[in-house]
Amino acid sequence: MKNRKLRKALPFFVSAIACALAISLTQSSVLGKVSGECSNCHTMHNSQDGTPVVRKGTGAAWSSDDGQITGGSVQDSPTGRLLVTDCIGCHSSATEDTIITLGDNKIPIVFNTNGYPSEALAAGNFYQVAQGAQYDGYGHNVYGISAIDSKLLQAPGGGNQCGGYNSSCHYTLAAPPNGENWYRGGCQGCHYNVFHHEDNNNYRFLNSHKGDMAYVEGVEDEFWEQPSHGGHNSYKGVIRDSDQHTLMSTQSISSYCGGCHRYFHQNDSITDGSVWLRHPTDIALPTDGEYAVYDPATNYNMEAPVAWVNPETPVREEAVVMCLSCHRVHGSEHPDILRWDYDNMIAGNGGDYADTGCFVCHTSKD
Ligand code: HEC
Ligand code: HEC
Ligand code: HEC
Ligand code: HEC
Ligand code: HEC
Ligand code: HEC
């Protein structure tokens, strides 16, 4: 009886599952949308029991799950979008945790104020670059976290894109919002438009001032690659031809970096047509030679991730080298925001560092 019922119900279940799957597949590319009580994040008058609510500034960070923002200072003046804190305050924690739970919400933490976390998320962490000028090379110097980079007064490879505007985001992300950076700067130099209440196609709110098509595509891991969950993101890449490969035409993560680091990405400055002049990105990872060993479709390696021509359906032939194959983006524990320590990349060293860094792809060079 039970069985028959089950059998009868099965086709329904199957189609229901297929349906749910189809919906989740079409939605899977973007998960970012907040839920939960408004008061976790908003304050209508910046006043509760007669005292101001907004807290931000140096050191503002979550003290625990379902806890409070501590540090920084309580602010008399309200903040934009009636929020209880700013980008940095809400995405920082004074704990070791890199995901803070607040009721129904999970907040991805990008800045652990007390130390570099063992569970840093995909973009890395701003902790190291916040430790003073000698660590400028360990991350993007971002307003509210670090001062302007002591060595890099513009984005390397950027070219003179915003002539005269020394505080534009192409020169520094550490200037306060002002007319030269279109009142963005800091986090919003890169996360130009944010949409916490929307699901849309913009991977991690990565977009620019270049209009509707200027956004990154990808499939977002729901735990932001927190190592203990073991999942990973799926980035968009393209296989280079003679075209321009701007963000507007490709939506690739490397074109996105190229928006500020132009000459590290555009065709005529990375190859002269016969040899590589700079390490290539947005090219297919060859399936032969020393590259044959690494099959990211079956054995994706976080030391050297790749992008995909179609992030929803990754296949080996369409694995693409990208900027994030070697770099983190917010910050890391290594100079040049690398994913690993470049000093360990020693050629012909008998395999001591096999499966790490450069050797994940260049398997014959160890
Ligand atoms: C009051 C808290 C709060 C503030 C303020 C805030 N965020 Fe968020 N943010 C969140 C939460 C919660 C999420 C997770 C949404 C989800 O579940 O994907 C999030 C997600 C993100 C993400 C990742 C999106 C994704 O796909 O998961 C980015 C990028 C981001 N925020 C940037 C910013 C920037 C830039 C600002 C300032 C303009 C900002 N946030 C301000 C709470 C906040
Ligand atoms: C987990 C944090 C969080 C919660 C909970 C939350 N919001 Fe927001 N909300 C944000 C952030 C961050 C922004 C500003 C950045 C943005 O627009 O993406 C925002 C922006 C807004 C905006 C202006 C932008 C827009 O999309 O229209 C409105 C209106 C808004 N929230 C209403 C609400 C209401 C109503 C609730 C409760 C039902 C709520 N929010 C709950 C984080 C939150
Ligand atoms: C909105 C502009 C902008 C975007 C987009 C951008 N960068 Fe940068 N980048 C800068 C600026 C400005 C500097 C120099 C100052 C600094 O280090 O913060 C820089 C510096 C760097 C450095 C050197 C860090 C150091 O201090 O030595 C690396 C590596 C880097 N970027 C990688 C990337 C990668 C990878 C991406 C894409 C995921 C990217 N950048 C996207 C503006 C940008
Ligand atoms: C130089 C550009 C840049 C700047 C500046 C920047 N971000 Fe990001 N951010 C990115 C990129 C690219 C990703 C996606 C990384 C990935 O998926 O590997 C990202 C991812 C995130 C995420 C998702 C968690 C993760 O690690 O993937 C959050 C949350 C976030 N950023 C918030 C912020 C906040 C808050 C600031 C300012 C303190 C900030 N970002 C500054 C480029 C930037
Ligand atoms: C194959 C690994 C690899 C890839 C891919 C890669 N980088 Fe780098 N990057 C490095 C290393 C290693 C350094 C250290 C300096 C050097 O060797 O040139 C570096 C340095 C940098 C710097 C700092 C330069 C300076 O003057 O201090 C920037 C900016 C940068 N990379 C941006 C990018 C961008 C943007 C992309 C994608 C278009 C990219 N990188 C792709 C490995 C890589
Ligand atoms: C994600 C895979 C990947 C990683 C990681 C990687 N490379 Fe490469 N590298 C490639 C590919 C693919 C090419 C281009 C091969 C071709 O010519 O088709 C290349 C080209 C090169 C070349 C130029 C070779 C030529 O034929 O002109 C050098 C040198 C090089 N890589 C060094 C490095 C170093 C050093 C590192 C670490 C800092 C590194 N690579 C990390 C995939 C990678």
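Look a little higher up for the structure.
The structure presented is a predicted model; accordingly, all values stated were derived computationally and were not measured.

Chemist: Just checking my understanding: could you explain the overall build of the chain for this structure?
Modeler: Of the regular secondary structure elements, the chain holds six helices and 13 strands. Here the C-alpha radius of gyration of the chain, 22 Å, is about what a compact globule of 366 residues would show, namely 21 Å. The dimensions of the chain, computed from C-alpha atoms along their principal axes, are 75 × 70 × 40 Å. The proportion of buried residues among the 366 residues of the chain is 42%. In the chain, the share of contacts with a sequence separation of at least 24, taken over all contacts with a separation of at least 6, comes to 49%. Summed over all atoms, the accessible surface of the chain reaches about 19500 Å², with 55% contributed by carbon and sulfur. Seen as two clouds, the 22 positive and the 40 negative side-chain charges of the chain have centres 10 Å apart.

Chemist: Honestly, the sheet that holds strand β11 (residues 283-284) in this entry has me stumped. Any pointers?
Modeler: One key point about sheets: their strands pair by backbone hydrogen bonds, in either a parallel or an antiparallel sense. Overall, mixed pairing links the five strands, which are arranged β9-β10-β12-β13-β11 in an open sheet. A strand with exactly one partner marks an edge of an open sheet, and here the two such strands are β9 (218-219) and β11. By the bridge criterion, two bridges tie strand β12 (residues 307-308) to strand β13 (residues 319-321) in an arrangement that is antiparallel. Bridged to Ala307 within β13 is Val320.

Chemist: Sorry if this is basic, but what is going on with the site of ligand 6 here?
Modeler: Around ligand 6 there are 15 residues in total, and Trp276, His279, Cys358, Cys361 and His362 lie nearest to it. Side-chain polar atom of His279 to a nitrogen atom of ligand 6: 2.9 Å apart, as the coordinates give it. In this structure, a nitrogen atom belonging to ligand 6 sits 2.7 Å away from a side-chain N or O atom of His362. Looking at the shell around ligand 6 residue by residue, the classes come out as 12 nonpolar, three polar and no charged.

Quick notes on the rules
- Residues numbered from 1 in each chain as written.
- Chains lettered and ligands numbered in written order.
- Predicted model: local features only at pLDDT ≥ 70, side-chain atom pairs only at ≥ 80, totals over all residues.
- Heavy atoms only, no water.
- Helix = DSSP H or I, 4+ residues; strand = E, 2+ residues; numbered from the N terminus.
- Rg over C-alpha atoms; globule rule 2.2 N^0.38 Å.
- Buried < 20%, exposed > 50% of the residue type's maximum accessible area, 1.4 Å probe, protein only.
- Contact = heavy atoms within 4.5 Å.
- Areas by Shrake-Rupley, 256 points an atom, 1.4 Å probe, with all protein chains shown as cover.
- Lys, Arg positive; Asp, Glu negative; His and termini not counted.
- Charge placed at Lys NZ, Arg CZ, Asp CG, Glu CD.
- Pairing = 2+ DSSP bridges.
- Near = heavy atom within 4 Å.
- Polar contact = N/O pair within 3.5 Å; in protein donor to acceptor, adjacent residues only side chain to side chain.
- Nonpolar A, V, L, I, M, F, W, Y, C, P; charged D, E, K, R; others polar.

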